[in-house]
Each structure stands twice: as C-alpha cells, then as structure tokens.
Amino acid sequence: MSEPQLRRKYPFDQIEPKWQRHWLEHKTFAAKDDTAKPKLYVLDMFPYPSGAGLHVGHPEGYTATDIFCRYKRMRGFNVLHPMGWDAFGLPAEQYAIDTGTHPSVTTKKNIDTFRRQIQMLGFSYDWDREVDTTDPHYFKWTQWIFLQLYKKGLAYEAEVPVWWCDGCKAVLANEEVNADGTCDRKGHKGVYRRPLRQWILRITAYAERLLADLEHVNWPHSIKEQQRNWIGRSEGANVEFAVAGSDLKIEIFTTRPDTLFGATYMVLAPEHPLVDKVTTAAQKSAVDTYRSAATKKSEIERGMTDKEKTGVFTGGYAVNPVNDEKIPIWIADYVMMGYGTGAIMAVPAHDTRDFEFAKKFGLEIRTVVQPPAGVDPHGFTGDGVSVNSGPITGLPTPEAKKKITEWLGERGLGEFAVNYKLRDWLFSRQRYWGEPIPIVHCAKCGTVPVPESELPLRLPEMKDYSPSGNAEPPLAKATDWVNCQCPQCGGAAKRETNTMPQWAGSCWYYLRYIDPKNAAAFVAKDKEKYWMPVDLYVGGAEHAVLHLLYSRFWHKVLFDLGHVSTPEPFTRLVNQGMILGEIEYLLFKRTDVNGAEFEVSASDLINITPMNAGKARAAAYHKDDPNRQVILGYPVSEGALTRTETGFALKDNRSIRVHMQCHKMSKSWGNVINPDDVVKEYGADTLRLYEMFMGPLEATKPWSMEGVQGIYRFLGRVWRLYCDEEGKLLVNDAAADTKLVKVLHQTIKKVGDDTEALAFNTAISQMMIFVNELTAQESRPRAVLEPFALLLAPYAPHIAEELWQKLGHTKTLSCEPWPQYDESLLVETTVQIVVQVNGKVRTRLDVPAQIAKEELEKLALAHADVQPFLTGKQVKKVIVVPGKLVNIAAA
RNA sequence: GCCGUCGUGGCGGAACUGGCAGACGCGCUGGACUCAAAAUCCAGUGGUAGCGAUACCGUGUGGGUUCGAUUCCCUCCGACGGCACCA
C-alpha cells in the first residue's frame, strides 16, 4: 500500500499547513465579546487527551461543529467555538505508577499531541480560550464551585457502601458500574460493595427539576429518555404498617396503594434496620444465615441471578392498616435497601415479583383488581377495577389510588409520595490525579472549608502515587501536605485526602471558555449573560447520563446562587454516531476428527457471534448440529469473493457463502484508523469531507478507505476546475450560461439549507453535482467559481482559501458573506409531469409550469401511452397535483 | 423482561408536509488516452423477461387507510443502544 507515493491530485500538503499557520497567526477565529452581532455558542465535548492520540471518532463531531461555525460566521454571527482538555483521570496516573513519570508531565505531552492533531485538521477554534482542567488556574474554580455546593448543604460526608473496584483500587460511581457487575472504565471484574467514608453530592435534591426541565431542551429523544429513566421518578404512597405485638412501625413505599387490600405479606430488605427487631427467636438463625449470605453478594449479583426468588420468614407479623389483618414479615433479597424505604408490602396477585415469590413459598394470593374481561387476574399488573377493597371497591385503578391515599392521609396512616431511582452522587475518589477536595478536618471544629482566598489548593508533589489498596488515598502519604492548620481555630488539622472524580472538571468547562483568564471570578457576569446558553453541543452518546446529568445539576446550583443566568446549560444537543471499522468478510471453517478443514457456508450457520481469538473473528454453530460444535470464521479478502443471488460467496465454490461484519474500532480488532495517516496521504480537507459524507451525523457507520479516495478525487476535480497541472489559473471572465448559473443557485440554496440543518452529507452531494456539471463544460466562469469557493469553504477550508487567493483575493474568505441565491432563477419554466394510471407511471409530459389543471388533465387522458391502459375501463376520478403529476383512477 | 431508535441496490446512503424509489459516492462493466499501467475523461449499472421500445416485480414480513404509501396505522420478524427484581 505504501510503496509508490500516491501522486498528489493537488498540493494539499503545502496548502494545509500554510492556511493553518495563517489562521493561528492572524487569530482569524478569535471570538470577541461583541454585543452588536447575534451570538452563537457552539461547543464540542472536550476530549480526554489519552496517550493513544486522536481517533477518527473525534474529528467527526469536531468537523460538524466546525462547518456549522464557519458557515454561521459567514452569515454574520459572532461565534464562540472553543476547545480544551479534560485532563484529570486515571490513565495518566496509572502510567505514572508504571513508569515513575509525573502525571502532569504525561498530561502535558498528551495535550500537545492532541493539540497538534486537532490543529492539523484546520478547525476554527479560538485557541486563546483553551482550558485545561488540571491547570491550577482552572481547578481553583472547580474547587470554588465545590465550596458553594458545600455551603448550600449539597455536599456531605457519609459512611456508605460504595462500589469498590479491585482493579482500579478505587471507588466507582453508580454510573461507572456496568450491568454485568464489571467496571465501566476497564472492564475489571472485582467490583463489590464496601462501606467507606465518602463525599457525596446531593443531586437528588434537584431530581424533580432535572426531570422537568428536560421538556425545555432540544435534545435527542433517546438521551432525554435515558435521563428520565435514570432519574426514575414514580408516584405512589408511603404507608405505615405496625408490627404486631410491639410499638414498631415499618414504612413501605408503593406505587399501587389501590392494592393494599391484596397485601398478604411484607418483605424487608436483608439490610433493613428493623430485621433484628421483628425476628422471633425461633427464626433467628435462619434469618442470620440468609442475611449474611445476602450481604456477601453485591447488589449487582443479586440483580443478575434473575432466577429463583429466595427469602426467609422472620417470624414476625405486621398489621395491614386498611383491614387490621396480620400478615407475615419476610426478608428477601429481591427487595433493595437503596430504593424507597427498603421494605414493601407484597401483593402477589398484582405484582410479578411478589407473585413468583408467593407461589414458591405458598403464600396467599388475593385478587383485588379486576382486569378487563378475559384476562387472568392472577399476576395481572395493569389497570382495572378494585374489588374486595373496602372503600375503594368498584373504582377504576387511577381513582382507587387517589381515594385510598386520601383515606390513609385522613387517618395518619400514609401519604402521597414520590420516589426516585436517582441516588446521590458519590463524589470522592481514592486517587492522586484529581482536584483536591478543599476541606480540612479539625478535631475541634469538625469539617472546615478551605478559605476561598487560599484556592487553588494544589496537589502535593509526590514520588509514590500508588494506591495503597486499603482505600487509604495516596494523598494520605504526603504528610507535609496533609498536616495543616485549621482555618477556623488555627489548631492542628488534616486535609481531606480524597480527590474529585473526573466528572468535576467537565461539569462547568463551557462556562470557563467564556472568560478563561478571569482571576477574580469563574466567569464575568456580563460575558456569561452574552454568551450563554450553549446553542449547539455536539458529542458522543456515551455521556447521556453521566456528564450531561452532572453538569446540568451544577448549572442549576449556580443558577440558584445567581452566578449564571440560564436554568439549562445546553439548548441543543446532537450526538454524533460511532464510526466503525471497515467491513470484513468471514469464511467459516470446520475441522473434522482427522484434522481436515471444511468450509461451511454462512447460510448454514446460526448464532454468529463476533469474537477475537487468534485469527478467528467470529464463532458460530451449524444449524443442524445438535452437539453445537463451534465453527470459526476467518477474514477473507474481497478479491476471493463473487456476488451471487443470495449474497457474497467464494469465487471457487459459490455454494460457500461468507458472512459480513464490522465492529467498533479497537486495538484488539486491529481496525483502528489513525487520522494522522489519512491526513498525510490525502489531506485534512479529504478527511473532514469524508467523515461528513459517510452518512447522517447521528448515524453509526463503517469506515471505508475507498470512500476516502472518492472524496479525494472530488477535491482533485475541484482543484482542476480552477487551475491546470502547473497551478495556472483557468478561471476567466466569460459569461456563465444559464444552465450553469441555475445549478450554482440551486447549490447555494441546498448547501445553505442543509448546513443549517446539519445535513452535511447531502450538502456535499449537491456540491458534487455542481462540480460534475462544470467539469462537463469547457468554460470556467469566475461568476460561478467564485461563489462556489465560498460554499466549499466551511467544509474544505484549506483548499477553498487557496483557490480564493488564486482568484486574486488578498484577505481570508472566512469573513466573506455567504452567497445569496436568486429565487427567480430556481423557478422552472417547463416541468415534467408524471402521468399515472391507478398509481402506476405510464408516461411523462413536458409542459409549461403554469399550465391549467384542466388542460393538463385533457393532455394526460388523450396521451397515446395512456390510452391502452384505459380501454375497456371507466375513468372514475382524475387527481391533478400541479407541477407534479396526474393520476387517473380507472376501473 | 422493559424502554428507545432503526430496517431502502453488491456497499455507504438520498427521497420536502403521502406524489417519478435508489440523488451523490464507492464498487463493478465497457470505451477513450497509453507500448502498457496508473491517473484522468466518457458511457452504463435494483431484479426478472426481451434484440428492442417495453412489461412485470421491488423500500424487513403480513395486513389496513388512500386515487396514490419508503413515508400514516396495526401485526410479526430482525438489528442496534439503554435499563434491568426500582416496589
């Protein structure tokens, strides 16, 4: 591949560095805090500068926003488009532990690489606003915001069971634990619960607003839905059950208070504090055994074993407040301590879980909701009509809920309640490379915030950052740093040794860009007011519930404190889709007992599962093999294949079908495309344009090197429209013919409309149509080529600038106004009308655009190609859509 | 299991509020240029039948609404993403 250097179709290797330098030196894209122009704040999710460098996924979103920004500048907007680094985090620290290099050194190096790579793509960032979350001038304000939260009572310490990851030797947030019990960051398996003193942010206090305000943002439906699910609001009632023979009360939460009359037992979570008190002597050993087994399992393991329900009777009884019936109290691990009150009333007739449990343990199942006719009431969880339910008998479910809640309220037995799945945010990490939490622990004064005047609180220099493994953060070893004076009483005190999680710095970075050098405030009020909110935010969907929920939370706190002027930070959010590796073809082979290999047609396989072991890329079973012997699939080159009616098959043996697949780019799949290589071979403009041409921004799509070459050819053709092989200008002042002018104006309209709508792929195809049209012509009129350079500029800015300069302009085209199209030129004088008979196209008519309906109908009916389809039939109806078609309904 | 998104040629994908399905690109086929190749340019390219004009079929499946459905409604199938004993 790399031997004969591809002949340059145009000198991108000279043009691109030239213009990148020009833009940087002239600060072409510096945003001015200029209130006269309409503002536009376009934000990219800033990257974590990993050692691996830029990935082709990064430029996808960055190119999209860059095109939008460049376009909007030409439309007269004052655009803020910044970039920075989310640079705290584990990999740099891990690297430090492995090599002894200080994380700040690694971080700086990685940032330099990322900056170089990003600048090499010609993005129009305002580099004077670059931020770095590890810069003390930046994290000073991260710490400051933490103190505002602390002062508002939104940050607190607690000894709580937390997710501990043996692999990372650190606590994970709920959000960092995968559903299968592994760590989200590294996939480590040893993740379990352990109690630890933690800093926690009271995000639950904002649950209602975080949910409600989703109504007001223009975000993808799926992201909003994910946030709603994560917050998990549900309405119901808290109800108190007395414990029989004692003064104890057990509070439960239910979303179905209307089924209270069907409660035949109660379940406590094994960790519930009242378990000991309700357990009878006879049941004590059984309960203890069950409980210790349950605590050994993590909450995730419990969730995963979605098989048999388990539980133990405590021996105690509760009294159902609605009918004074005694019901047994059980403990079972299908009830979680972390949700609601950790206790439930069990209504086996109308709750799936309770139903299963009751069946297993032979507990009473009592129907209290009558389902619609024909539905089995046992295990019916939908809405119906209450039966056998005292005061609410006969009421439909929604009314029954309301009425019984009122009834409980009047008697002091319960009340309306709202519950959330959302838990408070575990905010501390037992690691070195993060923002120190600006808190001092004093024996006399307790927890004391570091005075704001002493911020930033820097990390101490350390030689050994390795975590001790016993949950003692590495900072504890920096005794000179830890031992300090209490800011309040002046006595001996110790600093907090936990650090903040990586999410902290990214919670507010979009605010710092607005005023990145301000030493007196995290952002000046007037500037904040001018630039906020962010008009467009583009990034990956993987941040749906983490970063995006956390930053909304912080923003709302800052809003309540009067520091920012908008309740939501990001007006519009767009997720760019993932770029997958190239499509590969797999040939499946089976080995028989003698070791001979047989090729197997993919059409005979089931359960084809991608895998990566040795050379094999997928595993499958033969559809007729009851023994399920594993058959492996190996990559095969496209050249060995041929097309058949049913798909791709081997050239040599057409009965052997191959399987097509593609997956996420990753080192292990060996399908990673490095942007550096693409830029070197084809140039940045090609990379930008290709990534936008692949498909809709939001879609997941596979990489194709041939597609890159197609774009490269296109840019070569663009270049040759303007100049010859020696670079001599071909453009002349000859008049453009009307057809060309028309295509130009169509292109101006479509590229403008599509860019506005972020439909970059179709904008590019329109530019291709324009170039194809012009290539077919002899003349090269300036009147169409000049505006075209401007249209191309947001997409392929380097080549556009160079051509603009060749056309004789001395200033950058970045500030030129966007070309205007002339509506009158787009109007067709004659149009082609489709004539259908019963919905099928039978002929086409070229007619004047203004033709009368009746005239058109007459022409259509009389047409020679139409007549044969009408003979022997009666015309029932004729539909005429002006400018489009005539449809004759005949029978 | 629940929630969400989506199924269009050989491939990536177009198609405004229901109105010519397959724009544009890739790939492939043929041609021009060349000693030859690369590059470039031109032409063709959903399937089936036919020399042909043309005809029939065709937007995951089955149905419905409509003069007309890739688009709207219902059923089922499949893919992807998220959540997962949340009371």
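This text goes with the structure placed above it.
This is a predicted model, so every value here is computed, not measured. (Residues numbered from 1 in each chain as written. Chains lettered and ligands numbered in written order. Predicted model: local features only at pLDDT ≥ 70, side-chain atom pairs only at ≥ 80, totals over all residues. Heavy atoms only, no water.)

Caption draft 1: Layout of the sheet that holds strand β19 (residues 446-449). Strands sit in the order β19-β18-β21-β20 across an open sheet of 4 strands; the sheet is antiparallel. In this open sheet, the two edge strands, each paired with only one partner strand, are β19 and β20 (483-485). Looking at each pair of strands side by side, their axes are set apart by 40° on average, direction ignored. Where strand β18 (residues 439-442) lies against β19, 4 bridges are found, and the strand directions are antiparallel. When the sheet's bridge partners are listed, His441 is paired in β19 with Thr447. (Pairing = 2+ DSSP bridges. Helix = DSSP H or I, 4+ residues; strand = E, 2+ residues; numbered from the N terminus. Axes fitted to C-alpha atoms, helices over the stretch in contact; angles between N-to-C directions.)

Caption draft 2: A look at the sheet that holds strand β6 (residues 170-172). One open sheet accounts for 4 strands, arranged β6-β5-β7-β17; its pairing is antiparallel. Where the open sheet ends on each side, the last strands, each with one partner, are β6 and β17 (425-426). Relative to strand β7 (residues 191-201), strand β5 (residues 155-165) is paired through 11 bridges, and the arrangement is antiparallel. In the sheet register, Glu159 faces β7, and the bridge partner there is Arg197.

Caption draft 3: Structural detail: the pattern of salt bridges. In total, this model carries 44 salt bridges according to the counting rule given. The partner of Arg233 in a salt bridge is Glu208, with the nearest N and O atoms 3.0 Å apart. With Arg233 in the loop between α7 (221-231) and β8 (234-243) and Glu208 in helix α6 (residues 207-212), the pair connects residues that are 25 residues apart, well separated along the chain. Judged by its relative accessible area of 31%, Arg233 is partly exposed. Here Arg411 and Glu410 are joined by a salt bridge, their closest N and O atoms 3.5 Å apart. (Salt bridge = Lys/Arg side-chain N within 4 Å of Asp/Glu carboxyl O. Buried < 20%, exposed > 50% of the residue type's maximum accessible area, 1.4 Å probe, protein only.)

Caption draft 4: Inspection of the nonpolar core at higher detail. If you look at the biggest cluster of nonpolar residues, it comprises 175 residues, and the most contacted ones within it are Tyr41, Phe146, Trp425, Phe553, Trp554, Trp703 and Tyr722. At 9 residues, helix α20 (residues 705-722) tops the list of elements feeding residues into this core. Residue contacts for Tyr722: discarding those within four places in its chain leaves Lys728, Leu729, Leu730, Val731, Leu785, Phe788, Ala789, Leu803 and Leu807. Core analysis: the next-biggest nonpolar cluster, separate from the first, contains 45 residues, Phe241, Ile250, Tyr334 and Val369 among them. (Core = buried A, V, L, I, M, F, W, Y, C linked by side-chain atoms within 4.5 Å. Contact = heavy atoms within 4.5 Å.)

Caption draft 5: Examining the pairing of strand β9 (residues 249-254) more closely. As defined by bridge partners, β8 adjoins β9 across 6 bridges and the pair is classed as antiparallel. Bridged to Asn238 within β9 is Phe253. Linkage of β8 to β9, two consecutive antiparallel strands, is achieved through a turn of 5 residues, within which Gly245 is found at a positive phi near 75°.

Caption draft 6: Representation of the protein's contact with RNA strand B in the model. Close contacts around RNA strand B come from 57 residues, with Thr255, Lys309, Tyr339, Arg353 and Asn887 the closest. Those atoms of RNA strand B that come within 4 Å of the protein belong to sugar or phosphate at a rate of 68%. The separation between a sugar or linking oxygen of RNA strand B and a polar side-chain atom of Thr254 is 3.2 Å. At 2.7 Å from a base nitrogen of RNA strand B is found a main-chain nitrogen or oxygen belonging to Met336. Counting residues per element, the surface near RNA strand B draws most heavily on helix α22 (residues 760-775), at 6 residues. (Near = heavy atom within 4 Å. Polar contact = N/O pair within 3.5 Å; in protein donor to acceptor, adjacent residues only side chain to side chain.)

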